[in-house]
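Each chain is listed here by its residues.
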Protein chains: 2
Amino acid sequence: MRVEFINPFIASLLNVLNTMAQIKLSPGKPRIKKDEVARGDISGLMGMVSSQTKGSFAVTFDESLALAIMENMLGEKSTSIDHEVIDMVGEITNMVTGGAKRILADKGFDFDMSTPIVVSGKAHTITHKAEGAKLLLPLECVHGNAFIEICFDS
Amino acid sequence: MRVEFINPFIASLLNVLNTMAQIKLSPGKPRIKKDEVARGDISGLMGMVSSQTKGSFAVTFDESLALAIMENMLGEKSTSIDHEVIDMVGEITNMVTGGAKRILADKGFDFDMSTPIVVSGKAHTITHKAEGAKLLLPLECVHGNAFIEICFDS
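The notes below deal with the structure included here. (Residues numbered from 1 in each chain as written. Chains lettered and ligands numbered in written order. Predicted model: local features only at pLDDT ≥ 70, side-chain atom pairs only at ≥ 80, totals over all residues. Heavy atoms only, no water.)

### Overview of the packing of helix α1 (residues 6–21) of chain A against helix α3 (residues 83–106) of chain A
All names here are of chain A.
Inference 1: Between α1 and α3, the shortest axis-to-axis distance is 8 Å and the interhelical angle comes to 135°. Put simply, α1 runs oblique to α3. Crossing of α1 against α3: the hand is right-handed. From α1, P8, F9, A11, S12, L13, V16, L17 and M20 reach across to α3, where they touch I92, M95, V96, T97, G99, A100, I103 and L104.
Inference 2: Split into classes, the residues belonging to the contact of α1 with α3 amount to 13 nonpolar, three polar and no charged. (Axes fitted to C-alpha atoms, helices over the stretch in contact; angles between N-to-C directions. Helix = DSSP H or I, 4+ residues; strand = E, 2+ residues; numbered from the N terminus. Parallel < 35°, antiparallel > 145°, perpendicular 65-115°, else oblique. Left-handed = near helix turned anticlockwise from the far one by under 90°. Contact = heavy atoms within 4.5 Å. Nonpolar A, V, L, I, M, F, W, Y, C, P; charged D, E, K, R; others polar.)

### Overview of the relation of the copies chain A and chain B
Inference 1: Overlaying chain A on chain B yields an RMSD of 0.0 Å, the required transformation being a rotation through 180° with an accompanying axial translation of 0.0 Å. The superposition of one copy onto the other is thereby described by a two-fold rotation axis. Rotation axis and chain A: the residue whose C-alpha lies nearest the axis is A:G47, separated from it by 2.3 Å.
Inference 2: The overlap is high: 100% of the interface residues of chain A also sit at the interface in chain B, so the same surface is used on both sides. (Least-squares fit on C-alpha atoms with pLDDT ≥ 70 in both.)

### Focus: the pairing of strand β6 (residues 117–128) of chain B
Residues and elements named next belong to chain B.
Inference 1: With ten of its twelve residues buried, β6 lies for the most part within the structure.
Inference 2: Judged from the six bridges that link them, strand β3 (residues 39–49) and β6 form a sheet pairing that is antiparallel. Bridge pairing links R39 to T125 in β6. (Buried < 20%, exposed > 50% of the residue type's maximum accessible area, 1.4 Å probe, protein only. Pairing = 2+ DSSP bridges.)

### Structural notes on the interface of chain A and chain B
Inference 1: With 30 residues of chain A at the interface, the matching set in chain B holds 30 residues.
Inference 2: The largest contributions to the chain A side of the interface with chain B come from A:T115, A:I117 and A:K129, which together make up 26% of the buried area.
Inference 3: At the junction of chain A with chain B, the criterion picks out two salt bridges.
Inference 4: When the shortest N-O distance is used, the salt bridge between B:D87 and A:K129 registers 2.2 Å. (Buried area = accessible area lost by both parts, 1.4 Å probe. Salt bridge = Lys/Arg side-chain N within 4 Å of Asp/Glu carboxyl O.)

### Quick word on unusual backbone geometry
Residue and element names in this part refer to chain B.
Inference 1: A positive phi angle, close to 50°, is found at Q22, a residue other than glycine.
Inference 2: By the secondary structure assignment, Q22 is in the loop between α1 (6–21) and β1 (26–27).
Inference 3: Here Q22 falls in the exposed class, since its relative accessible area comes to 54%.
Inference 4: Positive phi, normally seen in glycine, also occurs at A123, with a value near 55°.

### Thoughts on empty space enclosed by the protein
Where empty space is left becomes clear once a probe the size of a water molecule has been rolled over the atoms.
Inference 1: Applying the stated criterion across every chain, the model contains one cavity of 30 Å³ or more.
Inference 2: Computed from the structure, the largest cavity encloses a volume of approximately 60 Å³.
Inference 3: Listed by contribution, the elements that provide at least two residues to the lining of the largest cavity are β3 (39–49) of chain A together with β3 of chain B.
Inference 4: In terms of residue class, the lining of the largest cavity is built from six nonpolar, eight polar and no charged. (1 Å grid on protein atoms, 1.4 Å probe; cavity = no way out; pocket = protein on both sides within 12 Å on 5 of 7 lines; lining within 4 Å. Points joined across faces, edges and corners; volume = space filled by probe spheres on them.)

### Describing the packing of aromatic side chains
Residue and element names in this part refer to chain A.
Inference 1: Tallied over the entire structure, the rule returns ten aromatic pairs over all chains.
Inference 2: Each ring, one from F5 and one from F111, has its centre 5.9 Å from the other, and the planes form 80°; the classification is edge-to-face. Remark: F111 occurs in the loop between α3 and β5 (112–113) and F5 occurs in the segment before α1; sequence separation between them is 106 residues.
Inference 3: Classification of F5 as buried rests on a relative accessible area of 3%.
Inference 4: Since its relative accessible area comes to 1%, F111 is described here as buried.
Inference 5: Three or more aromatic residues link up through ring pairs in this structure, and these residues are F5, F109, F111 and F152. (Phe/Tyr/Trp six-rings, centres within 6.5 Å; stacked < 30°, edge-to-face > 60°.)

In structure tokens form, the structure reads like this:
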């Protein structure tokens, strides 16, 4: 697991939310996730495969933050996590991993992405099952919290 | 989306649970998932990439069924979805997709798998965001219900 893999995902998420929803997230310190569990209400997940390694990416949002992104990004107000919010989180997952893929390619890591999966459910948890360490990065803004998690074999 | 893609996953799940936990699931009829939502308490997810297509796989269990598999498979009784149960669902996801990968390879589809992600949380839902149709297959046994979902681009 290369710790520097997290930076392209952070840069890409900040860029996507700032550009698409005028929301500025403040990233905390990335840390190795051991028994720590990040809970959130809606998550976008993506599997990643390269000839060098494979792994998975997740971005998890509090409901309040997901609804704020929805309103800013699409001008539509949702009062709960509905089909539109799920679609939006799928799109954000595509954009964030697409951006990270380009940055990683510049560093010599050529990843194929699977397709996104969106999970919704009050305070669910995500556990990555790759061999390597799990990296967790908390982010926050006035609307609520988000987490990025990545885990790669080797 | 090739509807026949679902069969290797069904065969592999039935085989894994029968062999490892002596649990026989009865599969229902595979159907195209539109607005239908499958809720469960713990899910194993896997991203899949081939040169022909890409997609994602999920298997979702009721808590009661996950705990019964745990007890039969490892001889350990858990009373709730703990770390051991999460690990077990990650292993099942690896075994089921590994088995399906071999059957698909025999049919000329060579998939790379990402690494598994396990989601836990009461009655969460999974939404696959590939371009193609989503296939849902309910399965049941005395211990509770399970669902397989797959979705592939094209």
